[in-house]
Amino acid sequence: SNGALKLAYATEALTSTTSTWTCLSLDSSGNTRGEGISFVLGSDDSPYLAHFDSTAAQVRYLRCTSAIGTCVTTGGSAFAGESVAATGTATAIITKPSIRVTSDGTVYVAHYSGAFQALAIQSRAPTETAWTASYVDPNDDGGSFTSLAGSYPVLLLNDSENPLVFYRSMENFLKYYSLEQE
């Protein structure tokens, strides 16, 4: 936060009982970044992160293509960041993204979309350069009601490695979406 997404990690010698904490700046700017962080390790032990930039009202994605140990040793420059999508809102509380990665490296990011007033599921395969968006439960009433459907998402992968997302419904219930096959 305060202009940067930072990763803090502790190191401890095998014969020691104390830890030394180090902080890496991963995604810096003048914006308020690092809100609603979601972190996962891929099958190759490489880190994937999604977080919210409330100044720019966008979900951001970061990745280091090496194993986490190498990424940490290299420092913040090992991580590349980019925008996944504009959210249409600067409210960090409901816009917290959730990230998962399949065994083949396809990345899924779920988040609230204020623009569509819906759950947004962004995906990108390793061979793709752009994110593909799907919207679940968009607000189609045409009135002045603002739906928060899709806020507070928790993204998992089902047995077929397709997205399974638990989220807040338009009616303020817990709801889930599961893509059974693509």
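Residues numbered from 1 in each chain as written. Predicted model: local features only at pLDDT ≥ 70, side-chain atom pairs only at ≥ 80, totals over all residues. Heavy atoms only, no water.

K.L.:
For this particular structure, what's the right way to read the environment of T70?
P.N.:
Looking at the element boundaries, T70 is found in helix α1 (residues 68-74). In this structure T70 comes out as partly exposed when scored by relative accessible area, which is 42%. Measuring from C-alpha to C-alpha, the distance between T70 and S46 comes to 9.0 Å, with 24 residues separating the pair along the chain. (Helix = DSSP H or I, 4+ residues; strand = E, 2+ residues; numbered from the N terminus. Buried < 20%, exposed > 50% of the residue type's maximum accessible area, 1.4 Å probe, protein only.)

K.L.:
Explain a nonpolar patch on the surface to me, please; I cannot follow it from the model alone.
P.N.:
Residues V154, L156, F166, L174 and Y176 make up a contiguous nonpolar surface patch of about 490 Å² in total accessible area. Every element with two or more residues in the nonpolar patch is listed here: β11 (154-157) and β13 (174-178). Mapped onto the fold, V154 is located in strand β11. According to the relative accessible area criterion, V154 is partly exposed, its value standing at 41%. (Patch = residues over 30% accessible without salt bridge, like charges linked within 9 Å, V, L, I, M, F, W, Y side chains within 5 Å. Areas by Shrake-Rupley, 256 points an atom, 1.4 Å probe, with all protein chains shown as cover. Salt bridge = Lys/Arg side-chain N within 4 Å of Asp/Glu carboxyl O.)

K.L.:
Would you mind going over the sheet that holds strand β9 (residues 118-124) with me for this structure?
P.N.:
Backbone hydrogen bonds are what pair the strands of a sheet, in a parallel or an antiparallel way. Read from one edge to the other, the open sheet built from four strands follows the order β7-β8-β9-β10, with strand pairing classed as antiparallel. Two strands lie at the open edges of the sheet, namely β7 (98-101) and β10 (132-136), each paired on one side alone. The mean angle between the axes of side-by-side strands here comes to 20°, regardless of whether they run parallel or antiparallel. Judged from the four bridges that link them, β7 and strand β8 (residues 107-113) form a sheet pairing that is antiparallel. Paired with V101 across the strands is V107, a residue of β8. (Pairing = 2+ DSSP bridges. Axes fitted to C-alpha atoms, helices over the stretch in contact; angles between N-to-C directions.)

K.L.:
Teacher, can you tell me more about the nonpolar core here?
P.N.:
Inside soluble globular proteins, nonpolar side chains tend to come together where they are buried. Grouped together as the largest cluster of nonpolar side chains are 13 residues, with contacts concentrated most on Y48, Y61, V84, I99, V107, V109 and W131. Those elements that place two or more of their residues in this core are β4 (47-53), β5 (58-63), β6 (80-86), β7 and β8. If you tally residues by element for this core, the top one is β4, at three residues. Setting aside residues up to four positions removed in sequence, V107 forms contacts with Y48, Y61, I99, R100, V101, Q122, S123, R124 and W131. Within the second largest apolar cluster, eleven residues are counted, among which are L5, L62, C64 and F79. (Core = buried A, V, L, I, M, F, W, Y, C linked by side-chain atoms within 4.5 Å. Contact = heavy atoms within 4.5 Å.)

K.L.:
I would appreciate a short explanation of the confidence of the model for the protein in the present structure.
P.N.:
Parts of the prediction with low pLDDT should not have their coordinates interpreted in detail. Residues with a pLDDT of 70 or more make up 90% of the protein, whose mean pLDDT is 85. Ranking the helices and strands of the protein by mean pLDDT puts β7 first, with 96, and strand β1 (residues 4-11) last, with 72. (pLDDT = per-residue confidence, 0-100.)

K.L.:
How should I be thinking about the pattern of salt bridges in this particular structure?
P.N.:
Between side chains of opposite charge, a pair can form when the charged atoms approach closely. For the structure shown, the criterion picks out three salt bridges. Residues K175 and D137 are paired through a salt bridge, measuring 2.9 Å at the closest nitrogen-oxygen approach. One end of the pair, K175, is in strand β13; the other, D137, is in the loop between β10 and β11, with 38 residues separating them in the sequence. Exposure remark for K175: the relative accessible area of 31% places this residue in the partly exposed category.

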